[in-house]
Amino acid sequence: MTADIQAPTTLRVPFSDLAAQTTEVRSKLDIAWTQVVDSGRFVGGSIVERFEQEWAAYCGARWSVSVANGTDSLQLILRALDIGRGDEVVLPANTFIATAEAVALVGATPRFVDVDPRTLLIDPEQVAAALTPRTAAVIAVHLYGQMADMTALSAVTERAGVALIEDGAQAHGAHCGSRRAGSVGIAGGFSFYPGKNLGAFGDGGAITTSDETLAARLRSMRDHGRSDGDRHVHDTLGTNSRLDALQAAVLSVKLAHLDAWTDARRSVAQDYREQLPENLVQLVEEAPSTPSVYHLAVVRTTQRDVAASGLARAGVETGVHYPIPCHLQGPFRGNAQAPLPVAELAAREVLSLPMFPNMTSRQVAYVCQTLSAILTPV
Ligand SMILES: *Cc1c(COP(=O)(O)O)cnc(C)c1O
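None of the values given here were measured: they were computed from a predicted structure. (Residues numbered from 1 in each chain as written. Predicted model: local features only at pLDDT ≥ 70, side-chain atom pairs only at ≥ 80, totals over all residues. Heavy atoms only, no water.)

Draft legend 1. Representation of the sheet that holds strand 10 (residues 282–283). What the three strands build is an open sheet, ordered 10-11-12; its pairing is antiparallel. Each having just a single partner strand, strand 10 and strand 12 (350–353) make up the two edges of the open sheet. Note: strand 10 against strand 11 (residues 297–300), two bridges, orientation antiparallel. From the neighbouring strand, Gln 282 faces strand 11, where its bridge partner is Arg 300. Sitting on the sheet, helix 12 (residues 341–349) touches strand 11 and strand 12, and the angle it makes with strand 12 is about 50°. (Pairing = 2+ DSSP bridges. Helix = DSSP H or I, 4+ residues; strand = E, 2+ residues; numbered from the N terminus. Contact = heavy atoms within 4.5 Å. Axes fitted to C-alpha atoms, helices over the stretch in contact; angles between N-to-C directions.)

Listed below in structure tokens is the structure:
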């Protein structure tokens, strides 16, 4: 083993570093928080509305409706479109479980499809093949930071007359051509969980849409189905899924830095691309029309578990997104479902390397050198 020669010093490389990000915006946060405290308005209100306008503008959508978390954003979109029992919703098997939960929680049946072997994103051809007369919607998940092929997906859903919904929880600010995540489908769901590219200091989420009726319906549904004019009239069945003003204040401050943080993430990815031993590990492909915002730096290797444990011993934290595809998870295993070979193979080969805006080139080089030292040519 040449590990000792190639990696003489142990450099601790965390998976992510939220504290460094917070430090960058700390003084602005202190001011923003004080404003919320002084306003006495802690749920909804002008600070939340301001963030909603900023988020809609950022995404290139006409409206944004903030909600309590990303899972709710998807669930509310489905409910607002009257999708439920008896309907099928097509979604990729390779996604975070929340996408599938949202479908099941509204009473609809998830129809998992396989992913593109290069990008590991929902495959438009598989979507076309999975459509049935009961299909009500397709959820395009922009996983790892890269938007799904929305051009091909829009063609499929428009032809079939079904709704195209975006799960942008890992793709804040990502592009497909000139369009941003959350501006292509009928609506897009976002999460502001702390570890996402735009993260609150707790749970948070938002929906983007350019459909005025849908936006109004969502605004009512997230607040107990209240009608616009009278808070004691509840026309639709709603729920409580609102964003706190403290979270909105944090998000507004951080949104001003998001593009710079995305650029930094992209430059870390570029370093990985240049320095990874590519005969042994490959970054998941980025298609030219869908540049990634690198929520995660996912590589594939046939020696995934060796790589993960070797990196851990060298002080490098990694993750796996995701070791079990959704169609093989407990709540969905019972569904009649053909094997999905691409997603199932990917689940055994994917490894998420450290990725955060403040990651240094020294840290990237250390991760790459450690990988070269621990993996053996096969
Ligand atoms: C994080 C995430 C969600 C859910 O967001 P929460 O805010 O945790 O509810 C949904 N889909 C994807 C792809 C995610 O990564």
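So, next bit.
Draft legend 2. Structural detail: helix 7 (residues 150–160). Within helix 7, burial applies to Met 150, Leu 153, Ser 154, Val 156 and Thr 157. Buried residues of helix 7 fall within an arc of 165° about the axis and therefore sit on the same side. Of the exposed residues in helix 7, the ones pointing more than 90 degrees away from its buried face are Thr 151, Glu 158 and Arg 159. Looking at the buried side of helix 7, the elements it contacts are helix 6 (124–130), strand 4 (135–141), strand 5 (163–167) and strand 6 (175–176). Positive backbone phi, at 70°, marks Gly 161, one or two positions downstream of helix 7. (Buried < 20%, exposed > 50% of the residue type's maximum accessible area, 1.4 Å probe, protein only. Arc of directions from axis to C-beta.)

Draft legend 3. The arrangement of the domain arrangement of the chain in detail. Assigned domains within the chain: domain 1 (22–255) and domain 2 (257–374). Placing a centre on the C-alpha atoms of domain 1 and another on those of domain 2 gives a separation of 24 Å. If you look at the interface, domain 1 gives 45 residues, while domain 2 gives 35 residues. Between domain 1 and domain 2, roughly 3300 Å² of surface is buried when both sides are summed, and carbon and sulfur atoms account for 58% of that area. A per-residue breakdown of the area domain 1 buries against domain 2 is headed by Phe 112, Tyr 144 and Asn 197, which together make up 22% of the total. Linking domain 1 with domain 2 are one salt bridge. (Domains from an automatic or database assignment. Buried area = accessible area lost by both parts, 1.4 Å probe. Salt bridge = Lys/Arg side-chain N within 4 Å of Asp/Glu carboxyl O.)

Draft legend 4. Quick look at the site of the ligand. Around the ligand sit 13 residues, and of these Gly 70, Thr 71, Asp 167, Ser 191 and Lys 196 come closest. Measuring from a nitrogen atom of the ligand, one finds a side-chain N or O atom of Asp 167 at 2.8 Å. Taking 380 Å² as the accessible area of the ligand by itself, protein coverage stands at 92%. Elements that contribute at least two residues to the shell around the ligand include exactly helix 4 (70–80) and helix 5 (97–105). (Near = heavy atom within 4 Å. Polar contact = N/O pair within 3.5 Å; in protein donor to acceptor, adjacent residues only side chain to side chain. Areas by Shrake-Rupley, 256 points an atom, 1.4 Å probe, with all protein chains shown as cover.)

Draft legend 5. View of the nonpolar core. Grouped together as the largest cluster of nonpolar side chains are 44 residues, with contacts concentrated most on Phe 51, Trp 55, Val 127, Met 150, Leu 153, Phe 192 and Leu 198. Breaking this core down by element, the ones donating at least two residues are helix 2 (18–39), helix 3 (46–59), helix 6, strand 4, helix 7 and helix 9 (245–275). If you tally residues by element for this core, the top one is helix 9, at nine residues. Counting contributing residues, this core receives three or more from each of domain 1 (22–255) and domain 2 (257–374). Aside from chain neighbours lying at most four places away, what touches Val 127 is Val 90, Val 113, Ile 122, Val 138, Leu 153 and Val 156. (Core = buried A, V, L, I, M, F, W, Y, C linked by side-chain atoms within 4.5 Å.)

Draft legend 6. Representation of unusual backbone geometry in the model. Here the bond from His 321 into Tyr 322 is cis, since omega is 15°, no more than 30 degrees from zero. Looking at the element boundaries, Tyr 322 is found in the loop between helix 10 (304–313) and helix 11 (330–333). Non-glycine residue Asp 82 carries a positive phi angle of around 60°. Summarising the element assignment, Asp 82 is placed in the loop between helix 4 and strand 2 (88–92). Asp 82 gets classed as exposed once you look at its relative accessible area, which sits at 57%. Despite not being glycine, His 224 has its phi angle at roughly 60°, a positive value.

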